[in-house]
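Commentary on secondary and tertiary structure
Spelled out from the first residue to the last, the chains are:
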Amino acid sequence: MAVQDLDVAAYCLRLGDDALVLAQRLCEWAARSPQLEEDVALMNLALDLLGQSRSLLTLAGEREGAGRDEDDLAFLRDEPDFVNAQLMELDNGDFGRTMARQLLVSAWSLPLWDALVTSTDPDLAAIAGKAVKEVAYHLDHARSWVVRLGDGTEESHRRMQAGLDEVWPYSFELFESDDLLQRLVERGVAADPAALQPIWLATVSEVVAEATLSLPETDWRPAGGRRGTHTEAFGYLLAELQHLHRSHPGVSW
Amino acid sequence: MDALEQQFQDTVDGDGRIEPRDWMPEGYRATLIRQIAQHAHSEIIGMQPEGNWITRAPSLRRKAILVAKVQDEAGHGLYLYGAAETLGADRDELLDLLHAGKQKYSTIFNYPTVSWADVAAIGWLVDGAAIMNQVPLTRCSYGPYARAMIRVCKEESFHQRQGFEALTVLANGSPAQRRMAQDALNRWWWPSLMMFGPSDDNSPNSARSMAWGIKRFSNDELRQRFVDATVPQAEWLGLTVPDPDLRYDEETGHYVFGEIDWTEFFEVMKGNGPCNRQRLATRVAAHEEGAWVREAAAAYAAKHSAREVAA
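Structure report, in brief. (Residues numbered from 1 in each chain as written. Chains lettered and ligands numbered in written order. Predicted model: local features only at pLDDT ≥ 70, side-chain atom pairs only at ≥ 80, totals over all residues. Heavy atoms only, no water.)

1. Structural notes on helix H7 (residues 154-167) of chain A
Note on helix geometry: an α-helix contains 3.6 residues per turn, so any two residues three or four positions apart are oriented the same way. Taking 1.5 Å of rise per residue, the 14 residues of H7(A) would be expected to cover 20 Å, and the 20 Å separating its terminal C-alpha atoms lies within 8% of that figure. Of all the residues in H7(A), the buried ones are Ser156(A), Met160(A), Gln161(A), Gly163(A), Leu164(A) and Val167(A). Along the long axis of H7(A), the arc covered by the buried residues comes to 160°, so they all point the same way. Turned more than 90 degrees from where H7(A) packs its buried face, Glu154(A) and Arg158(A) sit exposed. Buried residues in H7(A) make contact with helix H4 (86-89), helix H5 (95-116), helix H6 (122-150) and helix H9 (193-210) of chain A together with helix H13 (291-310) of chain B. (Helix = DSSP H or I, 4+ residues; strand = E, 2+ residues; numbered from the N terminus. Expected span 1.5 Å × (residues − 1). Buried < 20%, exposed > 50% of the residue type's maximum accessible area, 1.4 Å probe, protein only. Arc of directions from axis to C-beta. Contact = heavy atoms within 4.5 Å.)

2. Remarks on the environment of Tyr137(A)
Residue and element names in this part refer to chain A. As for its placement among the helices and strands, Tyr-137 is situated in helix H6. Through-space distance from the C-alpha of Tyr-137 to that of Leu-45 is 8.8 Å; in sequence the pair is 92 residues apart. Sequence-distant contacts of Tyr-137, that is, excluding residues within four places in its chain, are made with Ala-41, Asn-44 and Leu-45.

3. Overview of the interface of chain A and chain B
At the interface, 48 residues of chain A touch 47 residues of chain B. Roughly 4000 Å² is buried in total at the junction of chain A and chain B, and carbon and sulfur atoms are behind 70% of that figure. Considering only the surface of chain A that becomes buried against chain B, Ala31(A), Leu36(A) and Trp253(A) emerge as the three largest contributors, covering 18% of it. Taken together, chain A and chain B are joined by two salt bridges. Measuring nitrogen to oxygen at the nearest pair gives 2.4 Å for the salt bridge that ties Arg91(B) to Glu37(A). If you list the elements that add at least two residues to the side of chain A that touches chain B, you get helix H1 (6-27), helix H2 (36-64), helix H3 (70-75), H5, H6, H7 and helix H10 (232-247) of chain A. The biggest single contributor to the side of chain A that touches chain B is H2(A), with 11 residues. (Buried area = accessible area lost by both parts, 1.4 Å probe. Salt bridge = Lys/Arg side-chain N within 4 Å of Asp/Glu carboxyl O.)

And the structure:
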């Protein structure tokens, strides 16, 4: 019988929702990518994130101790119960915007998982050990596209900058702290978001410079995902994700 | 027959492999390019009917399996285009021919996936039929194609098993799930039988492909094998094969099945299936919308190789 720990459950739910929602967005690229190599790569990213979300949601359910499994958490919660960052749920836009988001997310999740490898929660540390290797590739993949698109043609430069500008304001939410995080950081369970931000900014700045792009300047900092407030697009994402499962309550698949 | 041609035929007859640098008849080369390209096109168009259910898969486990499967199909497309390139074809040109409707892909992908059970049925029936077709190709006379097929077949057999397993769950599930499973079998059974191509007396290129060691068994032989293997599986699932004439012949040990509606097959082949236009339009849109990305990658590569030369 697993030990109930609601703080760890809530933290795993945040990270699990991040991975699930971003995986769902990447899945929308199936059979629609710019070239065959990218069909393989994007599905690979989606598969990694889906795997991470399954482990995290399973662990969240165990620590919650209410008998919910990964599917209960993915398919039977409503919009305000999801605690992913809004960045994950934004529409894909074009390939440039999708890669801009991949860069911002991977540059955050790599140091995050790296820190969680030494989490005092052994199950979370085990998930981190696998995830850190996966997101290292995700960051390389995003970096190489952002650089090629930024420093490619006039059109790709314009699109890449526009994509970056669109997703950028949503990145601040990744570094928010709250009471839950403070308690977990103190216990050595969670990564301190304040410590991740400079690493993230250094990576992103370096890539953006190499891509001949500029870091967007904005004082607009949309947030609220961690408290269950989402963008309009999110309801549609959940409707698609959940409708079949919910149409046949209680059956096996 | 000149000496080169004799040597080629001897290699084929002796069950040897023809490699890219070997001499080969132009007809052999052209036939292989057409067949391999059609196979590659089928893999990438085939991502659409299944991709249609990725975002709606009913459990996270099923979603992960489906994503992995669609990823495999893109991978199969990649190494099949690679195999065609060993014959002097060019991937971009082959894609242009697909987009212009000048090269075909399997007719099966012009049917819609309207329920979750269709994804399972595709795994069970369509991948099952593909395996019947492709296992003999692992012994095809052209080396790169034969080797690509070994890898493809391993993955296809995983796809087939997961499809059958997913359908088993539905067939043993709620009344609504069982209805979904039966409905999928009703719609996919006959198109799956058509995947083996026209019957032998109506298949103009078969004899030549057999002589060249590209084809090992006739369309009808492979179709019979598929029916013999699949009907007992349907019975085990408790589903009814939608063929009133289907019966087991004790004497031959084979199932006898009803007449295939070849009019439907040729109509779908001509472009008049339920999804022909949609599949091609989606494929063309992805290609066109991705043009700026491919152009940027090429421009970046050119810039940087020029800079390296300058430095």
